[in-house]
Amino acid sequence: MKFINEYRDPALVEVLMERLHKEVSKPWSIMEVCGGQTHSLVKNGILRMLPDKVRMVHGPGCPVCVTPVHLIDKAVYLALHERVILCSFGDMIRVPGSQMSLLEAKARGADVRILYSPLEAVSVAKENPDKEVVFFAVGFETTAPANALSVIQASQEGVSNYSILASHVLVPPAIEAVMNDDDSQIDGFLAAGHVCTIMGMEEYYPLVDKYRIPIVVTGFEPVDLLQGIYMVVSQLEKGEARLENQYERVVKKEGNVDAIGVIHQVFEVSDREWRGIGAIPMSGYMVRENYSAFDADRKFNIDIKKANEDPNCIAGLVLKGIKKPQECPQFGKLCTPQNPLGAPMVSSEGACAAYYHFANTLDKNL
Amino acid sequence: MDKVSINQLSCPMPELDFEIITLGHGSGGLLSNQLLESGVFDLLSNEYLDQHHDGATINLTGRTAVSTDSFVVSPVFFPGGNIGDLAVNGTVNDINMCGARAKFLTLSFILEEGLTMKAFWEILVSIRNTANEAGVKIITGDTKVVERGKGDQIFINTTGIGEVHPTAQIGVSQIKTGDQIIVSGPLATHGVAILSVRQGLEFETTIRSDTRHFNHIVPPLMEAFGSHIHLLKDPTRGGLASVLNEVCRDSRKGIDLLQTAIPVLDEVNGACELLGLDPLYVANEGVFIIFADSEVVPGILEYLRQCEGCEMVSVIGAVTSDHAGQVVMQSAIGGRRVVNMLVGEQLPRIC
């Protein structure tokens, strides 16, 4: 497959791996921010191939994992309301709320639909004028343009029965939160290639300067990841701290200007609560006042009490990279994908799910 | 006789005074009779069905394989086939996986009120054609109708009966360390074809379901290689990964897989990348897996390469005494990872 196979080339992987082994002289901890990168590292068996001195720490970049429980409870509440069709990306529907997941709500009769695009949800709204259609707009900066576009489209076409339940989070404040945590000891970051495709690289220069850490914008295929890791290690070995772009074939410095425009038209930056981590100032998007008619949070004004997490779940420590999934006493025991205690065991980008699916008992030493 | 294309075997729908199935068509009374006599019996006619009796009487000799399966695919019509093709091929294949040639099928419908007669007829024609092509006879059947909203157009159950090849010794307990694992064709084609037309996920593609039966492929395979073949498996729901995990669990052996040897069509791989699916977990209809002594593997490959739908046959791995109970795959780049059983349904990724 063109544009994929080149980046899974075993010969290139071998060359990069050799260079990495030669380059590294001290132990380094590198965080890959994005859950997609975590999965690629584990799925391709890269973690086992890395030099012992390079320790990959899995970051909070799993949007499903950091969506607050009370928001899932709100989605479930809305879904169980007979006039609502709740549309969502597939990942979200199995994440446990405090009472149940959207999948369980579906089994109890709720109209929950898995879609690939929020624009399809606008079509569903047009086809069902007697129902309210709510799209669970979850994600990092990557999904924000499409979610914003759905609001703009609904607004322009007068689709008044459409709204989004927005839970958008941002990567740069998450990196700050990790760096400000006394327990985390991260030497460098792989920034998420897809997020930077939208947002560009500008936001990362201040982080590099403030924390004196290398950040390399990195893609998702094995060759991308190894090259990104190599670039971070090279900087660390030389005592440098720069922002570099490994994912040049996709990421432009200025990002996707049109997409950023669409985001800012609909959303404004606001404080956000991250599941497992807590409140991070100015770390997410909320729907702007002039589009409030399309904001499910305001439209339905439901009072959902903040719910407590399962006390057995250490998702917050995993998301901040302080603990590895298999260091959790419940990993694979009380907590499995069939019966998850926390979101990282559910999502296709969750670190716990990655270890459960691809590493399991083979990789106890990871 | 020259091989006749399935497409040539269409059959004009009879003139009927009803266009849709109603509750009365499942009542057992006049309407039921009208439905069956209107052409259904003629279409599926054979010496067993023509008796119009409560059941069929058949003569069996030797070891007999029996398997039953229900078909609830959505949508009912998909690129490359419909539920009727699946209902025949699926059960015939289950019989084939016992090292047997399927000979008879039973056929039960649960129809939803409102199903168009045109759709039902098209499905019946597919069933007839596929059964004829496979050389199996439909010997008894049943039709029930449920109220609108209580079904999804049509559900079908088929039970197959077949003759086990005298040399067949197939079972998980037969598997030995060192056995080679062969897959007959490219994975995930059927599952992706279905997904491409599922509501909410529609995407443009040329991928067509590879649904097919192995009734003409497995018996000669058994004839040639007999007890050297230790296990045959049909990796339908849950995909290759789930089936291999079941085998590991039940045999208490390990399996080593080589990712680069696993055949997947380019367009299927592309669709899987886009949708965030792993081809190892996607449902298959037109492929089967063989566990066999390594000495007969070259012969099996040579035979299968000239069978329709098996041109991409490949040795994908081997049974090992290491890591008992686990399937471990060497990735394309040389890393190793565990391949687990599918949990729940494969859900699309978020970003």
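All figures in this text were calculated on a predicted structure; none of them were measured in a lab.

Caption draft 1: Local environment of the overall build of chain A. A count of helices and strands for chain A gives 16 helices and 11 strands. Scaling as 2.2 N^0.38, a compact globule of 366 residues should have a C-alpha radius of gyration of about 21 Å, and chain A matches this with 21 Å. Expressed as lengths along the three principal axes of its C-alpha atoms, the size of chain A is roughly 65 × 45 × 45 Å. For chain A, buried positions account for 60% of its 366 residues. Counting only carbon and sulfur atoms, one obtains 49% of the accessible surface of chain A, whose full area is about 14,800 Å².

Caption draft 2: Structural detail: the pattern of salt bridges. Under the definition given, this model contains 20 salt bridges over all chains. A salt bridge links A:D111 to A:R113; the shortest N-O distance between them is 3.0 Å. Residue classification places A:D111 among the partly exposed residues on the basis of a relative accessible area of 25%. We classify A:R113 as partly exposed; its relative accessible area is 26%. Between B:D250 and B:R249 there is a salt bridge, and its shortest N-O distance comes to 3.0 Å. Taking relative accessible area as the criterion, B:D250 reaches 45% and is therefore assigned partly exposed.

Caption draft 3: Seen up close, the sheet that holds strand β8 (residues 215-218) of chain A. Residues and elements named next belong to chain A. The five strands lie next to each other as β2-β1-β7-β8-β9, forming an open sheet whose pairing is parallel. Edge strands, defined here as strands with exactly one partner in the open sheet, are β2 (54-61) and β9 (243-245). Strand after strand, the sheet turns through a mean of 25° between neighbouring axes, direction not considered. Bridge count between strand β1 (residues 28-34) and β2: six bridges; the pairing is parallel. Bridged to M31 within β2 is V57. Across the sheet, helix α12 (residues 222-238) touches β1, β2, β7 (188-192), β8 and β9, and the angle it forms with β8 is around 170°.

Caption draft 4: Molecular detail of the confidence of the model for chain B. All names here are of chain B. Chain-level statistics for chain B give a pLDDT mean of 90 and a share of 94% at 70 or above. This model gives residues 1-8 a pLDDT under 50, and the stretch forms five contacts once residues within four places in sequence are excluded. Scored as a complex, the prediction yields pTM 0.85 and ipTM 0.77.

Caption draft 5: The state of the cysteines, seen in detail. Going through the model one piece at a time under the given rule, you end up with one disulfide over all chains. Each sulfur of the disulfide joining A:C62 and A:C65 lies 2.2 Å from the other. Looking down the S-S bond of the A:C62 and A:C65 bridge, the torsion is 70°, so its handedness is right-handed. On the accessibility criterion, A:C62 (2% relative accessible area) is buried. Among the residues examined, A:C65 registers a relative accessible area of 1% and is labelled buried. Between B:C98, a free cysteine, and B:C310, which holds the nearest cysteine sulfur, the sulfur-to-sulfur gap is 18 Å.

Caption draft 6: Spotlight on the interface of chain A and chain B. Listed per partner, the contact involves 40 residues of chain A and 26 residues of chain B. Approximately 2,900 Å² of surface area, both sides summed, lies buried where chain A meets chain B, with 60% of it carried by carbon and sulfur atoms. Run the count over chain A and chain B and you get two salt bridges. Between B:E273 and A:R8 there is a salt bridge; the shortest N-O distance is 2.6 Å. There are five residue pairs in polar contact (both at pLDDT 80 or more) connecting chain A and chain B. When residues of the side of chain A that touches chain B are assigned to their parent elements, the largest contribution, four residues, is made by helix α16 (residues 351-359) of chain A. The class makeup of the residues in the side of chain A that touches chain B is 21 nonpolar, 10 polar and nine charged.

Caption draft 7: Inspection of the domain arrangement of chain B at higher detail. Residue and element names in this part refer to chain B. For chain B, the domain assignment lists domain 1 (21-164) and domain 2 (172-339). For domain 1 and domain 2, the distance between their C-alpha centroids amounts to 28 Å. Between domain 1 and domain 2, the buried area comes to about 1,900 Å², and carbon and sulfur atoms account for 56% of it. Of all residues in domain 1, P79, N93 and M97 give up the largest surface area on contact with domain 2, accounting jointly for 30% of the area buried on that side. Counting every contact that joins domain 1 to domain 2 gives zero salt bridges. For the pair domain 1 and domain 2, the interface holds 10 residue pairs in polar contact (both at pLDDT 80 or more).

Conventions used here
- Residues numbered from 1 in each chain as written.
- Chains lettered and ligands numbered in written order.
- Predicted model: local features only at pLDDT ≥ 70, side-chain atom pairs only at ≥ 80, totals over all residues.
- Heavy atoms only, no water.
- Helix = DSSP H or I, 4+ residues; strand = E, 2+ residues; numbered from the N terminus.
- Rg over C-alpha atoms; globule rule 2.2 N^0.38 Å.
- Buried < 20%, exposed > 50% of the residue type's maximum accessible area, 1.4 Å probe, protein only.
- Areas by Shrake-Rupley, 256 points an atom, 1.4 Å probe, with all protein chains shown as cover.
- Salt bridge = Lys/Arg side-chain N within 4 Å of Asp/Glu carboxyl O.
- Pairing = 2+ DSSP bridges.
- Axes fitted to C-alpha atoms, helices over the stretch in contact; angles between N-to-C directions.
- Contact = heavy atoms within 4.5 Å.
- pLDDT = per-residue confidence, 0-100.
- Disulfide = S-S within 2.5 Å.
- Buried area = accessible area lost by both parts, 1.4 Å probe.
- Polar contact = N/O pair within 3.5 Å; in protein donor to acceptor, adjacent residues only side chain to side chain.
- Nonpolar A, V, L, I, M, F, W, Y, C, P; charged D, E, K, R; others polar.
- Domains from an automatic or database assignment.

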